[in-house]
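These are the residues of each chain, in order.
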Amino acid sequence: MNGLEPPILRFERVSRRYGRFAALEEVEFAVWKGRILGLVGESGSGKTTCIRLALGLERPSAGRLWFRGEPYRYRPQELKAIRRRIGFVFQDPYDALDPQMTLEEIVGEPLRAHGCWDARARERIRQLLDRVGLPDASLKSYPAHYSGGGLQRIAIARALVLDPELLLCDEPTSNLDVSVQAQIINLLLELQRERGLAMVFVTHDLPLIRRIADDLVVLYAGRVMERGPAEAVASRPTHPYTIALLGAGPEGKRPNPRVGGEAGPVPVAGCPFAPRCWKAQPRCGVERPPLLPVGPGWEAACFFPETQTQMQ
Ligand SMILES: Nc1ncnc2c1ncn2[C@@H]1O[C@H](COP(=O)(O)OP(=O)(O)OP(=O)(O)O)[C@@H](O)[C@H]1O
Ligand code: SF4
Ligand SMILES: [Mg+2]
């Protein structure tokens, strides 16, 4: 953030509609080189939609995405040029890796897709498998030989084979045994640091994101509710939704954020969180709160943000 370099990825008032349903509405955030942006929110809040847009798998209905100061363009060659610079790791490694392909084919697939297969490709795959903790893996073996953690290591090697600048992780450990989750998180963090990657990390695990993220974006029903430095937002949340998500609402009034469930219908006018908010006032039902500053580099979309909530 030196004021000269643009962010690696930027969402500028990005909306995504499916018919009349707004999966995302005017979402804005930026991901910087060497920093981890945590994207949190309950099920259906639009996290994966953000990831799909960042990968160019979907186009915004309105607004624009930027990669290093260049707008996304959707002609095949231009999109391919952006995708070449982005690695991704999804939730389910069993789903993400073709059981018919060997490790060499899986990890080398982006090299082939981008015309980068050369005499050193095999050596590069070998080194990467080494780096992700599979030094003894045979290039000719198949995914069936590996457990969930091993498969996710293979997926990480594939994500990095083109030396991306941005790594997108969509709940990369939620389908893994608890015993291997920490290993995979630590591996991702090491790789992020040693390569200076910009990273978007989607998770339901709030204590984890508080520990690893630099910046935090809290989504509710496709809208940004609060965003700012992760430690500040997680330790002193100001938006009632963030407070609820962190389990810190006032006793008896706390709207169960039902992490893992779906939010109810969102009102067409006013604050989207109003039907579940214990602080709602008449104004909240008619006017949509914009993102307003609540601290340095920190904003909340609420007319009545809390200032005293102190998390442990
Ligand atoms: N292709 C589609 N057509 C219609 N609705 C869609 C489509 N893709 C996503 N949605 C809807 O958009 C909303 C956001 O979905 P998304 O997958 O981004 O949520 P999420 O935050 O990733 O949830 P989860 O935590 O369960 O993974 C959901 O209500 C979903 O049903
Ligand atoms: S704007 Fe009103 S309804 Fe919305 S979160 Fe703030 S207090 Fe609650
Ligand atoms: Mg998702």
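Remember, it's a predicted structure, so these values are computed and weren't measured experimentally.

Calculation notes
- Residues numbered from 1 in each chain as written.
- Chains lettered and ligands numbered in written order.
- Predicted model: local features only at pLDDT ≥ 70, side-chain atom pairs only at ≥ 80, totals over all residues.
- Heavy atoms only, no water.
- Near = heavy atom within 4 Å.
- Polar contact = N/O pair within 3.5 Å; in protein donor to acceptor, adjacent residues only side chain to side chain.
- Areas by Shrake-Rupley, 256 points an atom, 1.4 Å probe, with all protein chains shown as cover.
- Helix = DSSP H or I, 4+ residues; strand = E, 2+ residues; numbered from the N terminus.
- Nonpolar A, V, L, I, M, F, W, Y, C, P; charged D, E, K, R; others polar.
- Buried < 20%, exposed > 50% of the residue type's maximum accessible area, 1.4 Å probe, protein only.
- Contact = heavy atoms within 4.5 Å.
- Pairing = 2+ DSSP bridges.
- Axes fitted to C-alpha atoms, helices over the stretch in contact; angles between N-to-C directions.
- Parallel < 35°, antiparallel > 145°, perpendicular 65-115°, else oblique.
- Left-handed = near helix turned anticlockwise from the far one by under 90°.
- Phe/Tyr/Trp six-rings, centres within 6.5 Å; stacked < 30°, edge-to-face > 60°.
- Salt bridge = Lys/Arg side-chain N within 4 Å of Asp/Glu carboxyl O.

(A) Spotlight on the site of ligand 1. Looking at ligand 1, there are 13 residues lining it, with Ser43, Gly44, Lys47, Thr48 and Thr49 nearest. The contact in question runs from an oxygen atom of ligand 1 to an N or O atom on the backbone of Ser45, over 3.2 Å. Separating an oxygen atom of ligand 1 from a side-chain N or O atom of Thr49 is a distance of 2.5 Å. For ligand 1, whose free accessible area comes to 650 Å², the fraction covered by protein is 62%. Looking at the shell around ligand 1, the elements with two or more residues in it are strand E2 (21-31) and helix H1 (47-54). If you tally residues by element for the shell around ligand 1, the top one is H1, at three residues. The residue makeup of the shell around ligand 1, split by class, is three nonpolar, seven polar and three charged.

(B) Structural context of the site of ligand 2. Around ligand 2 sit His239, Pro240, Cys271, Ala274, Cys277, Lys279, Ala280, Cys284, Pro289, Cys302, Phe303 and Phe304, and those are all the residues in its vicinity. Broken down by class, the residue content of the shell around ligand 2 amounts to ten nonpolar, one polar and one charged.

(C) Molecular detail of the environment of Leu167. Among the structural elements, Leu167 can be located in strand E7 (residues 166-170). Given the relative accessible area of 1%, Leu167 is considered buried. For the pair formed by Leu167 and Glu123, sequence separation is 44 residues and the distance between their alpha carbons is 22 Å. Residues within four places of Leu167 in sequence aside, it is in contact with Gly87, Phe88, Val89, Ala159, Leu160, Leu188, Leu197, Ala198, Met199 and Val200.

(D) Quick peek at the sheet that holds strand E8 (residues 198-202). Taken in spatial order, the eight strands of this open sheet run E6-E7-E8-E3-E9-E10-E12-E11, and their pairing is mixed. Since the sheet does not close on itself, it has two edges, and those belong to strand E6 (86-89) and strand E11 (292-295), each with one partner. Sheet twist, expressed as the mean angle between neighbouring strand axes with direction ignored, is 20°. Of the pairings in the sheet, the one linking strand E3 (residues 36-40) to E8 comprises four bridges and is parallel in character. By the bridge assignment for E8, Gly38 is matched with Phe201. Across the sheet, helix H6 (residues 148-160) touches E6 and E7, and the angle it forms with E6 is around 170°.

(E) Spatial organisation of the packing of H6 against helix H7 (residues 178-195). Direction vectors running N to C along H6 and H7 enclose 15°, while the axes themselves pass 10 Å from each other. Relative to H7, the element H6 is oriented roughly parallel. Judged by the twist between their axes, the crossing of H6 over H7 is right-handed. Residues Gly149, Gln152, Arg153, Ile156 and Leu160 of H6 touch H7, and the partners they reach there are Val180, Gln183, Ile184, Leu187, Leu188, Leu191 and Arg195.

(F) Summary view of the packing of aromatic side chains. Scanning the model with the defined rule gives seven aromatic pairs in all. Between Phe11 and Phe29 the ring centres are 4.4 Å apart and the planes differ by 20°, which places this aromatic pair in the stacked class. Residue Phe11 is located in strand E1 (residues 9-18), and its partner Phe29 is located in strand E2; the two are separated by 18 residues in the primary sequence. Each member of the pair, Phe11 as well as Phe29, carries the same accessibility label: buried. Both rings, one in Tyr220 and one in Phe273, keep their centres 5.1 Å apart while their planes meet at 80°; by these two values the pair is edge-to-face. Taken together, the positions of Tyr220 in strand E9 (residues 215-220) and Phe273 in the loop between helix H10 (240-245) and E11 put the pair 53 residues apart, joining distant regions of the chain.

(G) Just the pattern of salt bridges, in detail. Taken as a whole and judged by the stated rule, the model has 22 salt bridges. With its nearest N and O atoms 3.3 Å apart, the salt bridge here joins Glu78 to Arg75. Between Lys140 and Glu104 there is a salt bridge whose closest N-O contact spans 3.2 Å. Here Lys140, found in the loop between helix H5 (121-131) and H6, pairs with Glu104, found in helix H4 (residues 103-113); they are 36 residues apart in sequence, far enough to count as distant. A residue is classified by how much of its surface remains accessible, and Lys140, at 54% relative accessible area, is exposed. One connected set of salt bridges, linked through shared partners, spans Glu5, Arg68, Arg85 and Glu165.

(H) Main features of the environment of Ile86. The topology assignment puts Ile86 in strand E6. Taking the relative accessible area as the measure of exposure, Ile86 reaches 7% and is therefore buried. In the structure, Ile86 is positioned 106 residues away from Gln192 in sequence and 13 Å away in space, judged by C-alpha atoms. Ignoring anything within four residues of it in the chain, the contact list for Ile86 reads Ala54, Leu55, Phe67, Tyr72, Pro164, Leu166 and Leu168.

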